[in-house]
Amino acid sequence: AVTGTLRDNPTLSGDRVADYELVAYEIEEWDVSTDTDGNVSSKWVSISRNIPILTIQFEDAMLPIHAEQQQPQLSGDLHEFIEEASGSFGRSSAQYDGQGLYEGSLRIQGLRNNDLVTVIGDKADDGGVVPDRIHSGTHTDLINELRQQAQIMQIGGGIFAVIGAVVLIGTAVYALK
């Protein structure tokens, strides 16, 4: 892992991101669905990404990050901008970050020059990095985020183990009758 500051990267343009001064971004659309019982579920669905080659300052050197070779995962404390869809007949809404958002709203998340990032990946031939992940924050922040995700997976696994045991016992009891 390499931690450094994004420096001297061109700001990306485009009809959705020109005003945000981002050097790398992902655009996601708010997807809201309602099941037959009326339960609402929602999630962000990626619709566009642009993560070009980036440069970070690492100690006294400028280090190329070859993100264009494989679009890495962005994580951490990214800059976030919400473009709300207008409400119209038949459009569902769901809560996000304490506010109701209509289906079709957009979330733009990204990085700017001078952001501190931690990059995980493989060493490139030119001494740079081909990243698997670009994390906005320190190495410690990244480790804490990964630990939290691992704890959630561990709890989920425990719940499924208990459910599996109950089903197995129930099946055995039913078979003995």
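Residues numbered from 1 in each chain as written. Predicted model: local features only at pLDDT ≥ 70, side-chain atom pairs only at ≥ 80, totals over all residues. Heavy atoms only, no water.

Quick look at the overall build of the protein chain now. Of regular secondary structure, the protein chain possesses 1 helix and 12 strands. Ordered by position from N to C terminus, the α and β elements of the protein chain give β-β-β-β-β-β-β-β-β-β-β-β-α. The C-alpha radius of gyration of the protein chain comes to 21 Å, more than 25% above the 16 Å expected for a compact globule of 177 residues. Seen through its C-alpha atoms, the protein chain measures out along the principal axes to roughly 75 × 45 × 25 Å. Among the 177 residues that make up the protein chain, the fraction classed as buried is 33%. Sequence-distant contacts in the protein chain: of pairs separated by 6 or more residues, those separated by 24 or more amount to 59%. About 10,900 Å² of surface is accessible on the protein chain, with carbon and sulfur atoms providing 51% of the total. Taken as two groups, the 11 positive and 26 negative side-chain charges of the protein chain have centres that lie 6 Å from each other. (Helix = DSSP H or I, 4+ residues; strand = E, 2+ residues; numbered from the N terminus. Rg over C-alpha atoms; globule rule 2.2 N^0.38 Å. Buried < 20%, exposed > 50% of the residue type's maximum accessible area, 1.4 Å probe, protein only. Contact = heavy atoms within 4.5 Å. Areas by Shrake-Rupley, 256 points an atom, 1.4 Å probe, with all protein chains shown as cover. Lys, Arg positive; Asp, Glu negative; His and termini not counted. Charge placed at Lys NZ, Arg CZ, Asp CG, Glu CD.)

The subject of this paragraph is the pattern of salt bridges. Inspection of every chain in the model, using the stated rule, returns 4 salt bridges. For Glu83, the salt bridge goes to Arg16, with nearest N and O atoms at 2.9 Å. In this pair, Glu83 sits in strand β7 (residues 79–83) while Arg16 sits in the loop between β1 (2–6) and β2 (24–34), placing the two residues 67 residues apart along the sequence. Relative accessible area serves as the criterion here: at 40%, Arg16 is assigned to the partly exposed category. Between Arg49 and Glu26 there is a salt bridge, with the nearest N and O atoms lying 3.4 Å from each other. Residue Arg49 is found in strand β3 (residues 40–50), and its partner Glu26 is found in strand β2; the two are separated by 23 residues along the sequence. Classification of Arg49 as partly exposed rests on a relative accessible area of 29%. (Salt bridge = Lys/Arg side-chain N within 4 Å of Asp/Glu carboxyl O.)

Turning to unusual backbone geometry, a few remarks are in order. Excluding glycine, most residues fall at negative phi; most peptide bonds, likewise, are trans. The phi angle at Glu21 is positive, at roughly 55°, despite the residue not being glycine. Relative to the helices and strands, Glu21 is located in the loop between β1 and β2. Positive phi, normally seen in glycine, also occurs at Glu59, with a value near 55°. Tracing the chain through its elements places Glu59 in the loop between β4 (54–58) and β5 (61–65). Judged by its relative accessible area of 62%, Glu59 is exposed.

Attention now moves to the packing of aromatic side chains. Tallying each qualifying case throughout the model produces 4 aromatic pairs. Seen from their ring centres, Tyr20 and Phe81 are 4.0 Å apart, and the 15° between their planes marks the pair as stacked. In this pair, Tyr20 is assigned in the loop between β1 and β2 and Phe81 in strand β7, connecting sequence segments 61 residues apart. Side by side, Tyr20 and Phe81 carry an identical accessibility label, which is buried. (Phe/Tyr/Trp six-rings, centres within 6.5 Å; stacked < 30°, edge-to-face > 60°.)

Topologically, Gln69 is positioned in the loop between β5 and β6 (73–76). Counting along the chain gives 62 residues from Gln69 to Pro131, while the straight-line C-alpha distance between them is 8.7 Å.

On to the sheet that holds β3. The 4 strands are arranged β3-β2-β10-β7 in an open sheet whose pairing can be described as antiparallel. In this open sheet, the two edge strands, each paired with only one partner strand, are β3 and β7. Ignoring which end each strand starts from, the neighbouring axes of this sheet average 25° apart. Bridge count for β7 against strand β10 (residues 106–111) is 5 bridges, and the pairing is antiparallel. What sits directly across from Ile82, in β10, is Arg107. (Pairing = 2+ DSSP bridges. Axes fitted to C-alpha atoms, helices over the stretch in contact; angles between N-to-C directions.)

Taken as a whole, the protein chain shows an average pLDDT of 87; of its residues, 92% reach a score of 70 or greater. Of all secondary-structure elements in the protein chain, the lowest mean pLDDT belongs to helix α1 (residues 139–176), at 72, while β10 reaches the highest, 96. (pLDDT = per-residue confidence, 0-100.)

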